[in-house]
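Results of the structural survey
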Amino acid sequence: MELICPAGTPAAFHEAVDAGADAVYCGFRDETNARNFPGLNFSREELKQSIAYAKSRGTQTFVALNTFMRAGAEEIWYKGAADAVASGADALILADFGLMAHVAERYPQQRLHVSVQASASNPDAINFLVDAFNAQRVVLPRTLTIADIARIGKNIRCEMEVFVFGGLCVMAEGRCSLSSYATGKSPNMNGVCSPASHVRYRKDGGELVSELGEFTINRFPAGEAAGYPTLCKGRFDIADSNGYAFEDPVSLDVMGELEALKAAGVKALKIEGRQRGKAYVAEVVSTMKAALNSPPERRAPLLARLRSMSEGQKTTSGAYEKRWR
Amino acid sequence: MQIPPILSAPLHMIPIPLIERICRLMFGRIAKAHPGLFERLDEHREKRFAFLPTDLPLAFVVVPGRQEISVLRKPVDVVADCVTEAPLFLLLALMEGRCDADALFFSRDLSVTGDMEAMLAMRNALDASNIDLQKDLAKLAGPFAPIARRVIGEVRDRALKDQMRPAGEAAAWN
Ligand code: SF4
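The structure presented is a predicted model; accordingly, all values stated were derived computationally and were not measured.

Moving on to the domain arrangement of chain A. Residues and elements named next belong to chain A. According to the domain assignment, chain A consists of domain 1 (2-168 + 250-321) and domain 2 (178-244). Taken together, the contact between domain 1 and domain 2 spans 16 residues of the former and twelve residues of the latter. Each partner contributes to the roughly 1100 Å² buried at the junction of domain 1 and domain 2, and carbon and sulfur atoms together form 49% of this total. On the domain 1 side of the interface with domain 2, the three residues burying the most area are Phe68, Glu311 and Gly312, jointly 37% of the side's total. On inspection of domain 1 and its partner domain 2, the count reaches zero salt bridges. Along the lines of polarity and charge, the residues of the side of domain 1 that touches domain 2 split into five nonpolar, six polar and five charged.

We now examine the site of the ligand. Cys169, Val170, Met171, Cys176, Pro187, Cys193, Thr230 and Cys232 of chain A make up every residue found near the ligand. Counted by class, the shell around the ligand contains seven nonpolar, one polar and no charged residues.

This paragraph deals with the sheet that holds strand 4 (residues 82-86) of chain B. Residue and element names in this part refer to chain B. As summarised here, the arrangement of the five strands in space is 3-2-1-4-5, forming an open sheet in which the pairing is mixed. A single partner strand is all that each edge strand has here, and the edge strands are strand 3 (68-73) and strand 5 (111-114). Neighbouring strand axes in the sheet, compared pairwise and without regard to direction, differ in orientation by 20 degrees on average. The pairing of strand 1 (residues 49-53) with strand 2 (residues 58-63) spans three bridges and is classified as antiparallel.

What follows covers the interface of chain B and chain A. Accessible area lost upon the coming together of the parts is a frequently used measure of interface size. Contact residues are listed per partner, giving 30 residues for chain B and 43 residues for chain A. Counting each side, the surface lost to burial between chain B and chain A is near 2700 Å², with a carbon and sulfur contribution of 53%. Contact with chain A buries area across many residues of chain B, yet Arg40, Phe106 and Arg108 of chain B alone supply 30% of it, more than any other trio. Along the contact surface separating chain B from chain A lie five salt bridges. Among the ionic pairs, Glu39 of chain B bridges to Arg29 of chain A, the shortest N-O distance being 3.5 Å. Counting the contacts that link chain B with chain A gives 18 residue pairs in polar contact (both at pLDDT 80 or more).

About the thresholds
- Residues numbered from 1 in each chain as written.
- Chains lettered and ligands numbered in written order.
- Predicted model: local features only at pLDDT ≥ 70, side-chain atom pairs only at ≥ 80, totals over all residues.
- Heavy atoms only, no water.
- Domains from an automatic or database assignment.
- Contact = heavy atoms within 4.5 Å.
- Buried area = accessible area lost by both parts, 1.4 Å probe.
- Salt bridge = Lys/Arg side-chain N within 4 Å of Asp/Glu carboxyl O.
- Nonpolar A, V, L, I, M, F, W, Y, C, P; charged D, E, K, R; others polar.
- Near = heavy atom within 4 Å.
- Pairing = 2+ DSSP bridges.
- Helix = DSSP H or I, 4+ residues; strand = E, 2+ residues; numbered from the N terminus.
- Axes fitted to C-alpha atoms, helices over the stretch in contact; angles between N-to-C directions.
- Polar contact = N/O pair within 3.5 Å; in protein donor to acceptor, adjacent residues only side chain to side chain.

What follows is the structure, given as structure tokens:
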């Protein structure tokens, strides 16, 4: 299985290539990119240079243009696609059907991957994208179980890529409005969930308080591992109880299920984290690569060290192994 | 790795203008070696970024767009758009992108308050810059550059090794 690794800067891109990534995914420094964070991402020139470096090492580059086009501003996305194709991207990761249609028509030779943001989660939806736009790979939503993935795999005509490690978005992908509700900005339209412009951390006695816009998201007592102020991972007062309503501050880790994913027909494993630093990218990619090359019984100790780099310092297998609480 | 009080204590005596001069020299050297350093900051360039090493009696406030750095003696109420607090070696490791800022934040080794957008832009700008303090600063030592390079390298390796150690196994200073 291929290892698909994140890069938010050219420095992280180099680290990912050097650490053994089979492909690196990245995006432009604008709203075409679902990780449109301040100071992050690639200029046109940086992308060109990074792709050249990757090619020299036999690594592929996937360019994510994975937000939904704004009516009247489609040119921004079309230009992004044109520049990514001209730079030699090995694949474009797209979420918007209009953009998929544009790319399929203008650049029929360009490999097209369906972004997780498109929320294509059943064979009919996926095969429609294959037939209509010649999609060659689908990144599956993180809402599916491994059994679901195996069932889908038997009935589709393209490759499957799944998230195995990193930040966990727990909703039906591309359809969460929590961030929009609280801040007016969403990952689907603006490339940011719970944007930094609306985040505040403050100390209250020994507690660390995280706020998003008008809302208090969490209060971490001294010594407790902290998390991002994403609404889905907030600790809320609900009736008489106080706790995590949707999900704890945790990260995804299904590396323990590699054999099951392989048996389900998964072609590529994706690491989330374009917003993380190059030290994270280097450590996670090299560890995961070593784990992939090790026999199953040797993987757990290798991967254990990654837990300390995860949100809340905890990991979960998320929906892949669904258990209800 | 924390700087022990016995090593940080002399900083109480050294006049602030002298520390400030040394810091400006180092800042200038790094800015010269990495001319595109703050390009990623965009509209945050003129903001005031405060860095408070938890193991030093000093605070540093940087305005990147003006290449300005000021040093204040603690305790002080810093006036800044955003404030980052961590032991000095972690702040330096972050500057070089050798540690992951988010992981340090999750483990509460690092705390950030204030304008998060500016802070994130700064984190990303530093992470993208390939700063290497050993290489960038050793030249300031003139004829002693090779010695300075070795000392900086050794201290850095030791601090990083200490950081990677599992919790509860912190190394002693000597
Ligand atoms: S709030 Fe949570 S579920 Fe919604 S988009 Fe953000 S990370 Fe995903």
